[in-house]
Protein chains: 2
Amino acid sequence: MLVYADYIGYLAAIIGTLCWLPQTVKTWRSRETKDLSLAANLLVLSTVVLWFVYGIMMEAWPLVVGNIISIIAVGAIVTAKLIYK
Amino acid sequence: MLVYADYIGYLAAIIGTLCWLPQTVKTWRSRETKDLSLAANLLVLSTVVLWFVYGIMMEAWPLVVGNIISIIAVGAIVTAKLIYK
C-alpha cells in the first residue's frame, strides 16, 4: 500500500528526471559538449548517486527510482563530455 | 544520534546544493537571464519543493535541509529570470 508520502516522492522523482532529459538528448544529438562543465556535471552525478544510496538505506523507494534514472541521464552527459571533450 | 544513512544524506544535500550556487551567483552578478529557460528552472523548482515536502513527511531531515537551500538557490534564479526576462 503506497504511503501518501510516496505519491509526493514519485511525483518529485518523475519531474526531477524530466529536468535532465532535454540536456541529455541535446548533448547526444549535437555531440557538442564544449559548453558543458565537466566539474558541474560530475558534482550533479555524485549528488544523484548519493541520494540513490541514501534512498536504499532509508528504503525510500521514490528516491531510489528517481535517482536511478537521473544517474543514467546525467551519466550519459558526463560520458558524452568525456568522449567529445 | 545520526543514523549512518544520514551522513550519506547530508553529504548529498551539501553537494547537491553546491550544484546550484554557480548559476545563482552568475545570474545575480550578470543580471543576464535570456539564455536561461524559465520552464526548465520552474521544473527544477517544483522538484526541489516536492522533495522538501517528501522529506518532511518521511522525516528524512537531510532531504529537508538540502532542499530548503536548493529552493532558495533555484528560487533566486527563477526570480531573476522573471525580473530581467
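Worth saying up front: this structure is predicted, and the values here are computed from it rather than measured.

Cut-offs and rules
Residues numbered from 1 in each chain as written. Chains lettered and ligands numbered in written order. Predicted model: local features only at pLDDT ≥ 70, side-chain atom pairs only at ≥ 80, totals over all residues. Heavy atoms only, no water. Helix = DSSP H or I, 4+ residues; strand = E, 2+ residues; numbered from the N terminus. Buried < 20%, exposed > 50% of the residue type's maximum accessible area, 1.4 Å probe, protein only. Contact = heavy atoms within 4.5 Å. Areas by Shrake-Rupley, 256 points an atom, 1.4 Å probe, with all protein chains shown as cover. Polar contact = N/O pair within 3.5 Å; in protein donor to acceptor, adjacent residues only side chain to side chain. Buried area = accessible area lost by both parts, 1.4 Å probe. Salt bridge = Lys/Arg side-chain N within 4 Å of Asp/Glu carboxyl O. Phe/Tyr/Trp six-rings, centres within 6.5 Å; stacked < 30°, edge-to-face > 60°.

### Things to note about the overall build of chain A
Argument step 1. A count of helices and strands for chain A gives three helices and zero strands.
Argument step 2. Buried residues in chain A amount to 45% of all 85 residues.
Argument step 3. For chain A, long-range pairs separated by at least 24 residues make up 73% of all intrachain contacts whose partners lie at least 6 apart in sequence.
Argument step 4. Looking at chain A as shown, the accessible area adds up to about 4,700 Å², and 72% of this sits on carbon and sulfur atoms.

### Description of the side chain of Thr47(B)
Argument step 1. Relative to the helices and strands, Thr47(B) resides in helix H2 (residues 38-58).
Argument step 2. Separated by 3.5 Å, the side chain of Thr47(B) and the backbone nitrogen of Gly16(A) make a polar contact.
Argument step 3. Leave out the neighbours within four places in its chain, and Thr47(B) touches Ala12(A), Ile15(A), Gly16(A) and Cys19(A).

### Observations concerning the interface of chain B and chain A
Put simply, an interface is often sized by how much accessible area is lost when its parts join up.
Argument step 1. Each side of the interface is counted separately: chain B has 26 residues, and chain A has 26 residues.
Argument step 2. Summing both partners gives a buried area of about 2,200 Å² for chain B against chain A, and 87% of it is carried by carbon and sulfur.
Argument step 3. Among the residues chain B hides against chain A, the three largest losses belong to Leu50(B), Trp51(B) and Tyr54(B). Together they make up 25% of the total.
Argument step 4. At the boundary of chain B with chain A, the tally comes to zero salt bridges.
Argument step 5. Remark: the boundary between chain B and chain A carries two residue pairs in polar contact (both at pLDDT 80 or more).
Argument step 6. Put simply, the parts of the chain that give the side of chain B that touches chain A at least two residues each are helix H1 (4-30), H2 and helix H3 (61-84) of chain B.

### Thoughts on the packing of aromatic side chains
All names here are of chain B.
Argument step 1. This model, assessed by the stated rule, comprises four aromatic pairs over all chains.
Argument step 2. Pairing Trp 51 with Tyr 54 gives two aromatic rings, centres 5.6 Å apart and planes at 75°, and the pair type is edge-to-face. Note that Trp 51 and Tyr 54 are positioned in helix H2 at a spacing of three residues, about one turn of the helix. Comparing Trp 51 with Tyr 54 shows no difference in burial state: the two are buried.

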